[in-house]
Structure formats: structure tokens, C-alpha cells
Amino acid sequence: MDKITFSVNGKKCEVGGDVDSDVSLNDYIRERLNLRGTKYMCKEGGCGACIVAVSTADDTAPRVFSVNSCLVSVTSCHGWQVTTVEGLGDRRRGYHPLQRALAEHNGSQCGYCSPGWVMAMYGLLESSDYNLTQRQIENSFGSNVCRCTGFRPILDAFKTFAKDAPKPNEYVTDIEDLTCRRGGGDCTGDCRDWCIVQKPNDEAKIIKIKLKDNRIWYRVKEVKDIFAILEQEGDDSYMLVNGNTGKGAVPVFDFPRVLIDIQPVEELKGYYVDQNLVVGAGSTLTNFMDIMLTVAHQEEEFGYLLKLHEHLDLVAHIPVRNIGTIAGNLMLKHRQPTFSSDVYLLLESTGAVLTIASKESVTEVLPEQFLHLNMTGKVITHVKLPPLSHNYEFVSFKVMPRSQNAHASVNAAFLYQFDPHRPNEVVSARIVFGGLSAYFTHASHTEQLLIGQNLFTNKVLQEALHTLELELKVENIAGELTPEYRKKCALGLFYKGLLTIIPQQSLKPWYRSGVSDLRKSRPLSKGTEVYDTNPDIWPINEPMPKVDALIQCAGEAKYVNDLPTQQDEVFCAFVTSDIGTGVIEEIDPSPALKLPGVIAFFSAKDIPGINSFVSLKQAGASANEELFADKIVKFYDQPLGIVVADSEKLANRAALLVRVKYRQDKHGPLLTINEIREQDPSRVNLYVAIPARDRGSNVRKVISDCHNLYWQYHYSMETLACVTRPSDDGIDVFPATQFPSWTHLSISDLLNIPQNRINLEVSRCGGAYGNKISRGHQVTVACALTTYLLNRPCRFVSSIQSTLRSTGKRNPSTRDFEVGVNDLGEIQYLEYHYYADNGYVVNEPLIGFAGPAIRSCYDSRRWSIKTFNVTTDTPSNSFCRAPGTFDTIALTEYIMEQISYVLDKDPLEVRLNNLSPNAPEVNEMIQTLVKDAEYEKRKKEVKEFNQLNRWKKRGLRVALMRWPAGVIVDYLVTISIYHGDGSLVVKHGGVDIGQGKNTKVIQVIAYTLNIKTDKVKVKPTDVASNPNTSVTGGSTSTGAVCFGAVKCCQIILDRLAALREELNNPTWEELILNAYLRGINLQASYRVTPNDITIHRSGGAAFAEVELDILTGEHEIRRVDIIEDVGTSLNPEIDIGQIEGGFVMGVGYWTSEHQIVAPSGEVLTDRTWNYHVPLAKDIPIDFRVQLRRNSFNPTGVIGAKAVGEPPTTMAVCVAFALREAIAASREDSGIPQTQWFNVDGPYTLEANVLKANAHLEEFLFN
Ligand SMILES: Cc1cc2nc3c(=O)[nH]c(=O)nc-3n(C[C@H](O)[C@H](O)[C@H](O)COP(=O)(O)OP(=O)(O)OC[C@H]3O[C@@H](n4cnc5c(N)ncnc54)[C@H](O)[C@@H]3O)c2cc1C
Ligand code: FES
Ligand code: FES
């Protein structure tokens, strides 16, 4: 039988009938080759964790490029040489400069994303022959998400490899240093030759493979082969496969019977210019862009292709464009006409023609006609782009919720042909929109209206806008922004297009700001990090890289799912409810169980112990949460059971086949706090009331309002994951958890077996941010249950979809208030009612964190506060970075902001007028920042900018905070010293989730014992040596564990003191050896309890300046200045990283992380495709972070304070800056600045445009 052959890191690989059709290159690398350095998260090209580099030979030259290994079928890899992160370097052969650079720049926190970044950068450098500018580098990472670092250090690390880097690259002395360190025995030693790939020498012209799952895989060389195969196999169930990236955009759940790999078909590639530019439709988008550049520079009439190139640069990202093709993109649009395809948009607007071949004929159609064609048995072979004379003007836009890698919310392209003899008179117009509705493409009435008109008069513009407004057909599209926004944005883009092409001298300067496109004009970003460090006390206070950074960047650090595949392993997927609330009448798993490879279905009745994934034996837990709903469905997508199968994909597929009958509740689910307050107030319960201690009488203004905030998904790059296996004494469990003890208890309760039969160990988490405190248990206990019931190893890694749908998130909250203030904005009284949405059950004490944070840094004597717990028909919400404090601090800042608007006062002044006398450090920090950030000067500049510009507005706003650190601590720390060499291991009850805990522990131990840091290693936490521990969370566990470590060191030092004196200045090794010989105990433990820790507050301040496009709602963050009080930093580099990362996570919350929920409660934004966290080009262009100088926390470990959560809360200043920009636009529209308007949740494209609400009548030229 035919085979597919390729190599991975130089090792030859072969696949054929032994693989299923859905085995990706990622599956193969990780599972077959056991190379677990390459990670995965989304499996849809949206996160970059899986990127590898590929080299192929084509007719001209070897080509190196990066790909998302999750999207590539392993059977598509014929002739490829694949390099994974292991191929670049490792501890044995030495690390690659990219791995070192990323690690040493602190570009890795949890490290889960790091191999993907290294490989994306490697592919980029190889494909560009190491000839890139900083700008090009910064522009190239739409492919990669990092949820931890805030991107700044990653960009800094990679920009050192730019040819225009300010300093010579310290990592590379020779280009050879940058090539791979390929292993596996095939390496010739000359690594530059790895990419000299031989073209596969196939005997058979067509490769045919009967795959394990009975699909047939063909690999063809000519178009006629496709038709011959279809003739033979029938066209009832087939798919052409080119880049296979389409499934990242429009998921494919089950591949058809016949798969035809058309990658090698040369007829579908390349280009020529006759009268038109004719491009093979099988060209990749990268090739297409290269062709555009070449032809545009050669032929004047194709100069417009430069604009198409600019637009395509915003499509997907480099690894997808490297293999995704023109035809593949068009066919996605054909299959799902609501898809806002940019390729379709550009071709349709420029009057391109598609050539479509069938067995019988070859036809040419316009892209719009193609959408209505039956494409069965047909192949798109070419696209023809026409030459356009200088009488044409082309302009296009792509409006996205973030800077890169997001499909267009709305896109538009305009082509106007002008009469050469009559200036500005339109001969023809093509006005094309995407993202509005399935088939509405052309604004044909408007096109007609413009013919013969002078396009650049206010009158024609207004007529056109009104015609366009009437003819735009905008439908509701699930998971997309509202029709109201998309219509308004489309009108804005039409106007923006004209502003772009109008002779600029005819345009009133006030309107010129409408021209620039923020997605294309962003300058190179930069950052500064300012902190003090005292070398006298190093290694504490030393800015050293994380101890695990190198192994993380090299893919050597192991996460749960990197444990090797075990024999007989099974996999799970949840079966979930597809109603909001109701009663389960019957569950019938038989259709799923019929599938070969499906092993079992388990539901509530199979649980031997308590049907809850959260044990109530853990302090703080207050209610059981069913692992599987037994009778009553509480929320949409609630797990009802699990399907167990012999592969993860099969389990996921089979789970969808389980049939469930329900009796649905007559009333729909109640999803928000306000719905509950109106319709079922019994579910609102007072938690705490804190009466005011004073009341002022100088009330000049009373303001009352209600603010609503919504969910945030944690988006840890390692999703919820667990591996379990039977052991001789019970069960071994390897979960991704922040709370090993609670996980342990929960398994014991659910399985009804003693805790001492459950062996649980955790090394690290690939990001957590709170979702692995208790939400992770859901996956872990289900995994343990499976092992327990089947006596087989089990692996359960929840998909992003499953996590987003079934798992709780940052809790929404609502806050009513009434405040009376004097003329200075000083609060005379405040009635403050805070409501926390717990989801369907009140379990975690989220609201407990909220209360102390409400006052933040302000004088709260006159504040009367009530907090309420609310339940809604949604998943149980959970801890998320700064739980309870993120929203309450923001909501307090909202009050200050609202006072400042209504009184028309400076927002900082209002805050300072209300500042608590107990927060002098905040006052000090804000004074520093006012100076360093040049607040007064920039405030004036912003005002001037807003006065001069109609369509771009700026805002400069502040946020203060004083964040209360909790004292929920209980950790056992043990250090053990080996007598042979004096090296030392630590075990502590915390978990390194990226916050750098292990590094700091090592620093304090090395400092206290006066030894080198490399003498100390931290070992994974396990429940045998670290029982009954507290959670890793709340930014306090690092300090606590460090405290425990210092105590252990002191115990050891006390034991060694006499001997040390006796030996008269021995070396550490001598001391330890002699201590051993004298029988001195070299192991010490200390249990850190709340008695050891005193409550403290971490303060800070931040300014953000933004620029907002009033026509589209897009923004950019021009500059952010942050100062935070971290006490005496144990490690300033790590702390700055926490601040940058935390702040950017907060920026995501306030801007792009918008969750759309259907009335049924179904989460519609459940993929990387539609849930958008910030990417590298969304961070502040100028990002300045400083640590408060000379700060010491008398109650902290060696003077340190909590770091990781507080900065997240300050990101609300970005929201306020956007608000100011919106308010400035409203003022131009006649609405006074002092008139407050509410924005509930994030400042999305939609919120920005609809709140600004510029009138169509204002769309003018002069
Ligand atoms: C993360 C991500 C982000 C994206 N962002 C954008 C975006 O911003 N804008 C945008 O426009 N697109 C975007 N896309 C879509 C992307 O452009 C397409 O996935 C890609 O172009 C598809 O090409 P392919 O070769 O991989 O197609 P494949 O996945 O191989 O095929 C897709 C479909 O096309 C059919 N097909 C392929 N070639 C032919 C042919 N020659 N004739 C007939 N049928 C054919 C196949 O049978 C299949 O049904 C994104 C995709 C991903 C994964
Ligand atoms: S796993 Fe491949 S891009 Fe996310
Ligand atoms: S370090 Fe990037 S996701 Fe954690």
C-alpha cells in the first residue's frame, strides 16, 4: 500500500493505513513520536501553541515556513521535513539562541505558550533569510497567544534578532548559531543543510491510501486526477484538501469518505500576466501576497495590488497563510455564506473572475455568482485580477475586535472608476461589504446612484449614505456583534473610504482623522521597566530569570498532558445539556456506544460516592456541585455524563450522539443579575452590610446609577487537564490544579475511597488564573472516576469549547449606587449595593473578597455598603485573577469617574479629594506618576487633539487602587539537604502556575543559607509530602511559601550553628557532610499558617492614553504608565512581568473579551475564532512600568507585597480613556461632556460606535 513519508527533526516517518483521517501532525508528533514539546490548546489555528517549522522543496527552491501542526493532517505531510522545538536545542546539545533569548528576557511565565513562540520566530527567520526589521518582527505574531506575559518581553526578546535592532544581538555570534540542533542520528552536523530537501521521488503518480477509519486518502498531481477519482469513487462524500486550515475557521466534525490532497497540483499554483493577472487558486495566501508585491512593482496597472497585500496582511496570521489557499478560503465562504471572507471581498470588489473546472467544462464566473453555484465535482483553478488604470481608486477595510488574527466583524472594499475628463465624476462603482448577512455583498443601489455624479460633494455623499442605509441588509449572525453596530460600521466605512480617496486639499482638516486605519498605522511599540535593586542582598531582590524558563522555552518542561501515552489509556468527553433549565427524562447513550472504539458512558448513577466535584470538607466550600446533573438541569451545557473512548476525538464526536429527553421549564433561564432582581428576587441574598460611620452635609449634587459587568474567561493556554492510572494501592492522579488538597478531597468523596489510596502530584500549571482552583476538579474527578470504574488509565483534556461552555468564569456583577458630593467631588454619603453573580449555586466565597476591596484607596467613612449574593441559571462562576476585587475596585473607580464627569472636574482631582488618609503611599505614587507620565501636559495635548479632529478622539485617564491581600494560607514547606554535595530540594504546598513562585523560593533559600541558587531545586507538590495545604491563589501563596522556606532554613541554620563554629569557616559542602556524619537532621519542615501572615494592601496607579476611531470603534492604546507598590521585590523582573501580564489581561476584559450568550444560556463565543484575548499588537504602544521605590512591607516576607492580581484591577483606566474619547465625540454631536452614559461590560467595537452615536448628517467632507 502507498505511504506518506516525511521527517521530524531528521527522523524518517511513514504513515498509511495505520492512521485515521483526523490524525493531525500535532497528534502524530506528540502521541506517536512522544515529542511533547509541541503543545496544543485550541486545535483551530487560534493560539499558536502547536507551531512547528516545515521545509519543502518546490520547483524553484527549498522553502521553510511555520505551520499550525493542529491544522495539518499527518497525511498531508508527504515530503516535508518538520522541525519541532526539540529539534532546535535542548539541555544535552545546548539551547538555541531563540530559546535562550526568550527565557532570558523573561518571556516565559507559565511556559505553555513558549515553544510555539520559539517555533513561530524560527520559521519567520528561516523564511526571511534572517533579514527582518523590528517592525516586521512585531507584525508577525498574530499567530500566538500568551495569556501570562503581556507580550512585552516576548517582543523585546525577538526584536533583538532584527537587522535594525538598537544593539548587536548578544545571542548570536554566527548565523550557524541560529540553525537547528537536529538530533535523532540523522544529523550531518552541518545544520544549515537541514532545509535542502529532496523532492519525494514517488513511483506512483497518485498516492492512494485506505485509512484506518475506512476513509480513502488520495494525493494527486493533476486536476484531471481529481475528476478521475470522483468518477470512480462518486461525489457523494468527498473533500479536496489543500492547506486544511479551513477547519480552523468552519469546524469539520467528521471527514467525508474520500479525501483528495491537491497540494502537489502544479496547475493550481503559480501565476502569469496576460492582460489580467492570472493566479493559481491553489496558491497559498503567502504566495498570493508575494505575487502581488512582485506584479505591483512590475506593472503600473497592478499597483492597486499593494493595497490588497496590505489587507491580506490582516487575514489570519502567518502560519495559516503559509498553507491556506485562495480557493480554500473561497470555498469556506461558499459553504458558510455569513463568513466575512476577506479574499472574497477583495476579489469581488476588484472585478476579479474565478475559473471553475468540472470534468466536462471550464467556466468563468464572478465571485458573487460563484456563491450560488453547485460546486460538487468542481475545482476552482484560477483567479483573474484585472489591470486597473489610474482612473480607478481602490480602498478596503477590515474591522476586527483586536489588532490581528480575528475574522472581520465588518469588512468593506470600494472600487471607483472616475471619468478622466471630468474630475471626480464616477463612471462606475463597486461597493462591497462582508460580515453583514449571508448573501448581501453589493450595495448596488448606491453604486447606481453614484454613476455620473461628482463623488466628493457633501450633497452626493449624504444622498449616497441615505441610499446605502436603506439598502444594507444586516442579519443577526450567532456569535457576532449586533446588526445595529454592523450597519453603522458599514456606513462609517463607506464614508471612511471616500475620506481616504478624496483629494486631501478638498477635505476640511477637521475630517482628515477619518482617513487613518489604526490596524495599519500602528508604530513600533516599546516599553520601559524601572525598579531599584540592591546587589548587597542578592539573590533576593535580584532581577534573575525564572529557573524553569529555559526548559519551558525548549519544550522540556512537562505539563499534565505531556505524560507519555499509557497502555490501554482511555479518553473522556462530557455529554452536556442542550436546554437552559428543565428536567432530564431519559438519557440514551446507545447511538454513541455503537461506534467502534467507544467504551462506556457514565452518568450520575455510576458515581460510587457523593455526586459532587467539590468536596464540602474543604473550608470555604458551601454547596455541592453535581459532577453530572442527576435530574434537574441548572444551566445550558451542564455535564450530564461522560463518554469514554479509545481516542479523544472519538470521545468528543460520540458525546454529541448521546440522546437526551428533557422536560424543559416553561420560562426560559434567567441569565443576568438584573433578570433575577426583576423576576425572582428570592435568589438575591444579603451577604454583608457595612454601615457608614459618618455623613457629610454639604451635598451639592446627587448622582445615582447602575453599572453592570460581565464574564471573563480565564483562557489558560493549558486547558483543564488530568491523567489518572490505577496503582497498586489505589489510583495515581496527575491533575492541572492550583489546589491539590481540595482536588484530593473531592476525588475521595466522589469515589468514596480513603484519601490515602489516592496519590496526587502536580508539577506546574500551564496558566491558571483561578480556573484550576476548583473548576479543574470537574475534569479531574471525572477522569479519576473513569479509571476507578474501568481500572484503566485515563486522560481527560477539556477542549476550549467545552471549558468555555460548561465552566464558570469571572463572575458578572451589578452595582447600584447613590452618591451625594460637594463641589469638589468629595463624597458626603454613598449608598453602595453590590450584587455578585455566582452562577447557579453559591459555592466559592467570591463575594468575601469583594467587600474589603470596595473602598480601595478611598476614605470610606461615609460609605454605606451592602453586598448581595445572586444565583442565575448559568455555570457556577469562579475565581479569576483578582476575584471579587477586579470588579469592585473598577466599580469604585467608576463612581469617581462619574463624579468627575458630572461636575466637569479633573478625574484625578476628584480621586485625590476622596483619597483615604490611610493611603499615603498611593498619594506618593500618584505624585510620582503625574510627573513621570507628564499628566498635565498630555491632558492638554489630548484636549487639543480632540478639538482638531472629528473622527479620531483621544482619552487620557487614571485609575488608582489599594488591593487587599488575604491571609488564606496553610502550607507545609520541607527542605531536604543531601550530604553528598550539599544540594537541596524543597517541597512546598504551592504550585508554580507561572507566577515565578519556585524561583522566588529558591532565591530566599539561597539568600538565607548563603549558598548559590543552583544548589536548590523545587520538586513537584504531592499530597503525601504536602498534605492539607491551602490554595495557590490570591497572590499570597508565594509570599507564604517563601516565609515557610525561610523558617526551614533558620531551623537548619540553628542546627548547624555549633558545628559551623567548630569547623571554623567551612564550605557549605563540608558543613553539610560533617553534619551528616554527626547525625544532624538535614531535613526541616515548617507549616505556614494565618498566624504567620499579616494582612496588607498593595497600592498602585496607572494612566492610559488611547485613540479611538469613531467610525469603526477600533482603538489603540498609545501609552500606559503604571506604578505599583510591591514592597521590596523578591525578583523585580518577575514582578514587572506579573504587572505587565496582569494589566494586559485586564485590558482584554475591558476591550475585546466579549462573551455572547443566547437567550437559552448557550455560550455562542466558545472558540478562539470568536472569543478574543489581546494579542501582541494590542498592548500599549508605549508601556512604562515602575515599581515604587524604597518600599518595604514590614509584614511581608523580606519586605515583599502581593504582586500578581493587583495590576489587573488598574486596567480599568483603559476603559475610562475610551470613555473620554467617546464623550469627546458626543460633544461634537451636541451632547454635553457632563452627560454621563453607561457602557456595560467591555468597550467593544460596538459599544464604542453606538455610544459615540455620530449622526450620518455629520459625515461630510467640508
Ligand atoms: C485561525 C484562522 C484565522 C483566519 N482568519 C481569516 C480572516 O481573517 N479572513 C479570511 O478571509 N479568512 C480567514 N481564515 C480562513 C483561511 O483563509 C482559510 O482557512 C484558508 O484560506 C483555507 O485554505 P485551505 O487551503 O487551507 O483550505 P482547505 O481547508 O484545504 O479547504 C477548505 C475547503 O475548500 C475546498 N477546496 C480547497 N481547494 C479547492 C479548490 N481548488 N477547488 C474547490 N474546492 C477547494 C475544500 O474541499 C474544503 O471544503 C482564517 C483561518 C484560520 C484557521
Ligand atoms: S492548538 Fe494549534 S493553534 Fe491552537
Ligand atoms: S507564558 Fe505564555 S501563556 Fe503562560
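Let me sum up the structure you'll find in this document. Each chain has its residues counted from 1, following the order in which its sequence is written. To label them, take the chains in the order written and letter them from A, then take the ligands in the order written and number them from 1. Per-residue local features of the predicted model are confined to residues with pLDDT of at least 70, and side-chain atom pairs are confined, for both listing and counting, to 80 or more; whole-chain, interface and lining totals are unaffected and use all residues. Side-chain numbers here rest on the full set of heavy atoms in the structure, without hydrogens or water.

## Points about the nonpolar core
Move 1: The criterion is simple. A nonpolar core is a set of buried Ala, Val, Leu, Ile, Met, Phe, Trp, Tyr and Cys residues joined through side-chain atoms within 4.5 Å. With a 1.4 Å probe rolled over the protein chains alone, any residue whose accessible area is under 20% of its type maximum counts as buried; one over 50% counts as exposed, and the rest are partly exposed. In terms of nonpolar packing, the biggest core is built from 198 residues, with Tyr 416, Phe 433, Phe 494 and Phe 1143 touching the most fellow members.
Move 2: It only takes one pair of heavy atoms within 4.5 Å for two residues to be counted as in contact. What Phe 433 contacts, discounting residues up to four positions off in sequence, is Leu 345, Asn 411, Ala 412, Phe 414, Phe 440, Thr 441, Ala 443, Leu 468, Leu 472, Ala 490 and Phe 494.

## A look at the site of ligand 1
Move 1: Here a residue is considered near a molecule or strand provided that any single heavy atom belonging to it is located within 4 Å of it. In the vicinity of ligand 1 lie 37 residues, with Leu 240, Thr 245, Thr 325, Asp 342 and Lys 398 positioned nearest.
Move 2: Lys 398 has a polar side-chain atom sitting 2.6 Å from an oxygen atom of ligand 1.
Move 3: With the chains in place, 97% of the 980 Å² that ligand 1 exposes on its own is no longer accessible.
Move 4: Helix numbers and strand numbers start at the N terminus; a helix is a DSSP run of H or I with at least 4 residues, a strand a run of E with at least 2. Sorting the residues of the shell around ligand 1 by element identifies strand 8 (238-241), helix 8 (246-249), helix 11 (318-323), helix 12 (326-335), helix 13 (342-349) and strand 14 (379-385) as the ones contributing at least two each.
Move 5: Among the elements that line the shell around ligand 1, the one with the most residues is helix 12, at six residues. Pairing of N or O atoms within 3.5 Å defines a polar contact, subject to two protein rules: one partner must be a possible hydrogen donor and the other a possible acceptor, and residues neighboring in sequence count only if both atoms are side-chain atoms. Computed with a 1.4 Å probe, the accessible areas rest on the Shrake-Rupley method; for each residue, only the protein chains presented here act as cover.

## Some words on unusual backbone geometry
Move 1: Of the consecutive residues Trp 538 and Pro 539, the connecting peptide bond is found in the cis state with omega at 10°.
Move 2: Along the chain, the position of Pro 539 falls in the loop between strand 18 (526-530) and helix 19 (549-553).
Move 3: Here the phi dihedral of Asn 405 falls at roughly 40°; this positive angle occurs in a residue that is not glycine.
Move 4: Following the sequence through the fold, Asn 405 ends up in the loop between strand 15 (392-399) and strand 16 (410-418).

## Description of the pattern of salt bridges
Move 1: One speaks of a salt bridge when a side-chain nitrogen belonging to Lys or Arg is within 4 Å of a carboxyl oxygen belonging to Asp or Glu. For the structure on display, the rule yields 86 salt bridges.
Move 2: Among the ionic contacts, a cluster of salt bridges with common partners joins Glu 934, Lys 937, Arg 938, Glu 941, Arg 954, Glu 1105, Glu 1107, Arg 1118, Arg 1119 and Asp 1121.

## Some details on the sheet that holds strand 27 (residues 721-727)
Move 1: Taken together, the eight strands give an open sheet; going across it, the order is 21-23-19-30-27-28-29-38, and neighbouring strands pair in mixed fashion. Lying at the two open borders of the sheet, with one neighbouring strand each, are strand 21 (598-603) and strand 38 (1021-1022).
Move 2: Strand pairing follows a simple DSSP-based rule, namely that at least 2 bridges must link the two strands. In terms of strand pairing, strand 21 meets strand 23 (residues 639-645) through five bridges, oriented antiparallel. Each bridged residue has a counterpart across the sheet, and for Val 598 the counterpart in strand 23 is Ala 645.
Move 3: Sheet strands touched by helix 21 (residues 648-655): strand 19 (570-576), strand 21, strand 23 and strand 30 (794-797). Its angle to strand 19, the strand with the most contacts, is close to 20°.
Move 4: The axes used here are C-alpha line fits, helices contributing only the stretch in contact, and every angle between their N-to-C directions lies in the interval 0 to 180 degrees. The sheet contacts of helix 23 (residues 740-751) involve strand 28 (730-735), strand 29 (758-762) and strand 38, and relative to strand 29 the element is tilted by about 150°.

## A look at the sheet that holds strand 1 (residues 4-8)
Move 1: Strand order in this open sheet of five strands is 2-1-5-3-4, and the pairing throughout is mixed. At either margin of the open sheet sits one strand with a lone partner, and together these are strand 2 (11-15) and strand 4 (62-68). Across the sheet, the axes of successive neighbouring strands diverge by a mean angle of 30°, strand direction being ignored.
Move 2: Taken together, the five bridges between strand 1 and strand 2 define a ladder with antiparallel strand orientation. Paired with Val 8 across the two strands is Lys 11, which belongs to strand 2.
Move 3: Along the sheet face, helix 1 (residues 25-32) touches strand 1, strand 2, strand 3 (51-57) and strand 5 (81-83) and points at about 115° away from the line of strand 2.
Move 4: Sheet strands touched by helix 4 (residues 114-127): strand 3, strand 4 and strand 5. Its angle to strand 3, the strand with the most contacts, is close to 30°.

## What to know about helix 36 (residues 1212-1228)
Move 1: In a helix, the anticipated span is given by 1.5 Å times the number of residues less one. With 17 residues, helix 36 should reach 24 Å at 1.5 Å per residue; the first-to-last C-alpha distance of 25 Å fits that figure.
Move 2: Of all the 17 residues making up helix 36, 15 are buried; the element is thus mostly covered by neighbouring parts of the structure.
Move 3: Downstream of helix 36 by one or two residues, Gly 1230 has phi in the positive range, about 100°.

## A closer look at the packing of aromatic side chains
Any pair of aromatic rings gets described here by the distance separating the centres and the angle formed by the planes.
Move 1: Planes of paired rings set the category: under 30 degrees apart is stacked, over 60 is edge-to-face and the rest tilted, where pairs are Phe, Tyr or Trp rings (Trp by its six-membered ring) whose centres lie within 6.5 Å. Applying the stated criterion across every chain, the model contains 42 aromatic pairs.
Move 2: The rings of Phe 397, Phe 414, Tyr 416, Phe 418, Phe 433, Phe 456, Phe 494 and Phe 1261 are connected pair by pair, giving a single aromatic cluster.
Move 3: Cation placement over rings: the criterion is NZ of Lys or CZ of Arg within 6 Å of the ring centroid and within 35° of the ring normal. Note that Arg 1219 overlies the ring of Phe 1237, its terminal NZ or CZ placed 3.9 Å from the centroid.

## Topic: a positive patch on the surface
Move 1: Residues Arg 91, Lys 558, Lys 1017 and Lys 1019 make up a contiguous surface patch of positive charge.
Move 2: If you trace the backbone, Lys 1019 turns up in the loop between strand 37 (1016-1018) and strand 38.
Move 3: Taking relative accessible area as the criterion, Lys 1019 reaches 39% and is therefore assigned partly exposed. Any residue with relative accessible area above 30% and no salt bridge may belong to a patch, with like charges joined within 9 Å and the nonpolar Val, Leu, Ile, Met, Phe, Trp and Tyr side chains within 5 Å. Charged residues are defined here as Lys and Arg on the positive side and Asp and Glu on the negative side; His and the ends of the chain fall outside this count. Charge placement uses NZ in Lys and CZ in Arg. For Asp and Glu, CG and CD serve respectively.

## Side note on a nonpolar patch on the surface
Move 1: Residues Tyr 687, Val 688 and Ile 690 make up a contiguous nonpolar surface patch of roughly 240 Å² in combined accessible area.
Move 2: Along the chain, Val 688 falls in strand 25 (residues 684-690).
Move 3: With relative accessibility at 30%, the residue Val 688 sits in the partly exposed group.

## Quick notes on the pairing of strand 20 (residues 582-588)
The side chains of a regular strand alternate between the sheet's two faces.
Move 1: In the sheet, strand 20 pairs with strand 24 (residues 659-664) via six bridges, with the strands oriented antiparallel. The residue of strand 24 that forms the bridge with Ile 584 is Tyr 662.
Move 2: When strand 20 meets strand 22 (residues 632-633), the two strands line up antiparallel, connected through two bridges. By the bridge assignment for strand 22, Val 583 is matched with Ile 632.

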